[in-house]
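Structural characterization, general
Listed below are the residues making up each chain.
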Amino acid sequence: MTMTVSDFGLTCGILPKGASNAITDVPGVRVGHCTLRNGDINTGVTAILPHGGNMFRNKVTAASHVINGFGKTVGLTQVQELGTIETPILLTNTLSVGTCATALIRDAIRLNPDIGRSTGTVNPVVGECNDGPLNDIQALAISEEHALAALADAHQGAVEQGNVGAGTGMSCFGFKGGIGSASRKIALGGEHHLGVLVLSNFGKPGDLVLPDGRRPDPGQPDQAERGSIMIVLATDVPLEHRQLERVARRAGAGIARLGSFWGHGSGDIAIAFNTGNMVDHDEARDLVPLLTLNEARIDILFRAAVEATQEAVLNSMLSAQAFMGRAGTRRTSLADWLRDQAEKR
């Protein structure tokens, strides 16, 4: 069962939420998962599709921001240089990034046989977190078929959260982490949305700060801040690449509100895209028109990015159930901790 901040009376910010309170509130965006859970194998793949068409032919404007670079992503150099994303985004564990990239390449070639022959190559985008404490990461259990299964599962509407897909073996602030999502409505010349999906696997036990000021204690031994978080932001507000990077940067404030200081061993990376400005791979015109946001109105997007990121992380933890993984390693549930506190009052 998906639990969210609303179920526990917590509030992240002041902006209204989208209908599903998920990244899929941005029209056209889809999310799918493939989950592997079998003994010491606790991992998976999560797919984010900016739209349901041919991504290589119709790219989305995009940007990324590295909050702390202890991570192993694929594709962000070209995203930053060209300002577009031309494949779905896959999230997985650290040692499965290459496998997922290959799966994206094969899928793009299937849809576009001219790739690498009569047109350019394709730039797959893959992000990761290290689920090693709960998953036998050395087993390299993720296959290309698992990546394709996550793509095939992608759909609009409610997003399954917690111990699912890439989030299956993740930990956050000493509790069980995983996949989380949230969204905000934005009034800019009509109704728009900004949505966030996170893969949460970061935070020093004891550092988590809830919106009401409480500091949950997972009962974990003191340890260094290490792990990672992948943050994917989507919006249908027309933005250009530089504006998207500014919005992506604000995701860092969202995780800082939770008590993270982006430690040395943490890979904290944000990827942002918008569906309001498509780039045609086969564009023939020399000059093309561009609709973009008046920069003086961008503060509402900054606020939405912070609020939705903070809430998405909490949703990932509240939806995650208590977990026993590799070699009997355990993670408690933040939802269980909150219930226990309520019973003690």
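See the structure above.
In this convention, every chain numbers its residues from 1, walking through the sequence in written order. Residues qualify for local features only when their pLDDT is at least 70, as the model is predicted, and side-chain atom pairs are given and counted only at 80 or more; totals for whole chains, interfaces and linings, by contrast, use all residues. Calculated side-chain values reflect all of the structure's heavy atoms, with hydrogen atoms and water omitted.

With that out of the way, let us pick up the overall build of the protein. Here a strand is any run of E in DSSP of at least two residues, a helix any run of H or I of at least four, and the numbering for each starts at the N terminus. For the protein, the helix and strand inventory stands at seven helices and 14 strands. With respect to the three principal axes, the spread of C-alpha positions in the protein is 65 × 45 × 35 Å. Within the protein, the fraction of its 345 residues that count as buried is 58%. For this analysis, residues touch if any pair of their heavy atoms sits within 4.5 Å. For the protein, the share of sequence-separated contacts (at least 6 apart) that also reach a separation of at least 24 residues comes to 79%. Here the open area of atoms and residues is found with the Shrake-Rupley method and a 1.4 Å probe, where only the protein chains shown may cover a residue. Carbon and sulfur atoms make up 50% of the accessible area of the protein, which totals about 13,700 Å². Remark: exposure states derive from per-residue accessible area (1.4 Å probe, protein chains only) relative to the maximum for the residue type, with buried under 20%, exposed over 50%, and partly exposed in between.

As a further point, take the pattern of salt bridges. Salt bridges are defined as contacts in which a side-chain nitrogen from Lys or Arg sits within 4 Å of a carboxyl oxygen from Asp or Glu. All told, the structure shown has 15 salt bridges when counted by the stated rule. Residue Lys-59 pairs with Glu-86 through a salt bridge whose shortest N-O separation is 2.7 Å. With Lys-59 in strand S3 (residues 58-69) and Glu-86 in the loop between strand S4 (84-85) and strand S5 (89-93), this residue pair connects regions lying 27 residues apart in the sequence. Assigned by exposure class, Lys-59 and Glu-86 land together as buried. Between Arg-246 and Glu-295 there is a salt bridge, with its nearest N and O atoms 2.7 Å apart. Of the two residues, Arg-246 sits in helix H4 (residues 241-249) while Glu-295 sits in the loop between strand S12 (265-280) and helix H6 (299-319), which places them 49 residues apart along the sequence. In the salt-bridge network here, residues are joined through shared partners; they are Lys-17, Arg-184, Arg-303, Glu-307 and Glu-311.

This brings us to the environment of Ser-171. For Ser-171, the location among the structural elements is in strand S7 (residues 171-172). Residues Ser-171 and Cys-129, spaced 42 residues apart in sequence, show a C-alpha to C-alpha distance of 9.8 Å. Leave out the neighbours within four places in its chain, and Ser-171 touches Leu-134, Lys-176, Gly-177, Ser-200, Asn-201, Phe-202 and Arg-331.

Right, let's talk about the side chain of Ser-64 for a bit. Secondary-structure assignment places Ser-64 in strand S3. When neighbours within four sequence positions are excluded, Ser-64 is seen to be in contact with Leu-76, Val-79, Gln-80, Glu-245, Ala-270 and Ile-271.

On to the nonpolar core. Looking at soluble globular proteins, one finds that nonpolar side chains tend to be buried together. Residues belong to a common nonpolar core when they are buried Ala, Val, Leu, Ile, Met, Phe, Trp, Tyr or Cys residues joined through side-chain atoms within 4.5 Å. Formed by 49 residues in total, the largest nonpolar core has its most connected members in Leu-194, Ile-231 and Leu-233. The greatest single-element share of this core, amounting to ten residues, is contributed by H6. Judged by nonpolar contacts, the second largest core, of 29 residues, contains Val-31, Ile-89, Val-125 and Ala-166.

Reading across the sheet, the six strands line up as S4-S3-S12-S11-S10-S9 and stay open at both edges, with mixed pairing between neighbours. In this open sheet, the two strands that pair with only one neighbour each are S4 and strand S9 (178-187). Sheet topology places S3 next to S4; two bridges connect them, and they run antiparallel. Looking across to S4, one finds that Val-60 is bridged to Ile-85. Here H4 sits on the sheet and contacts S3, strand S10 (191-201), strand S11 (226-235) and S12; the angle it forms with S3, its principal contact strand, is near 40°. The sheet strands contacting H6 are S9, S10 and S11, and the helix crosses S9 at an angle near 150°. Whether two strands pair comes down to DSSP finding at least two bridges between them. Only the contacting stretch of a helix is used when fitting its axis, a line to C-alpha atoms as for every element, and angles between N-to-C directions run 0 to 180 degrees.

Once that is clear, we can look at helix H7 (residues 334-344). Along H7, the residues that are buried comprise Leu-334, Ala-335, Trp-337 and Leu-338. Across the axial projection of H7, the buried residues extend over an arc of 160°, all falling on one side. The outward face of H7, more than 90 degrees from its buried face, is lined by the exposed residues Glu-343 and Lys-344. The inward-facing, buried residues of H7 abut strand S8 (175-176) and H6. Whenever a nitrogen or oxygen atom comes within 3.5 Å of another N or O atom, the pair is scored as a polar contact, on the condition that within protein one atom can donate a hydrogen and the other can accept it, and that pairs from neighbouring residues in sequence are kept only if both atoms are in side chains. Capping the start of H7 is the job of one residue whose side-chain oxygen sits 3.1 Å from the backbone nitrogen of Ala-335: Ser-333. Summarising the geometry, the arc corresponds to the directions from the helix axis toward the C-beta atoms.

The strand order across the open sheet built from four strands is S1-S2-S5-S6, with neighbouring strands paired in mixed fashion. Lying at the two open borders of the sheet, with one neighbouring strand each, are strand S1 (30-38) and strand S6 (125-129). Averaged over all pairs of adjacent strands, the angle between strand axes in this sheet comes to 15°, irrespective of strand direction. Contacts from helix H2 (residues 97-111) reach strand S2 (41-49), S5 and S6 within the one sheet, and its direction differs from that of S6 by about 160°. Contacts from helix H3 (residues 144-153) reach S1, S2 and S5, with the element oriented near 140° to S1.

Before going further, it helps to spend a moment on the packing of H6 against H7. The packing of two helices is summarised by the inter-axis angle and the distance between the axes. It is at 6 Å that the axes of H6 and H7 come closest, and there the two elements cross at 80°. Comparing the axis directions of H6 and H7 gives the class roughly perpendicular. On H7, the residues touching Leu-314, Met-317 and Leu-318 of H6 are Leu-334, Ala-335 and Leu-338. Each angle gets one of four labels, with under 35 degrees taken as roughly parallel, over 145 as roughly antiparallel, 65 to 115 as roughly perpendicular, and the rest as oblique.

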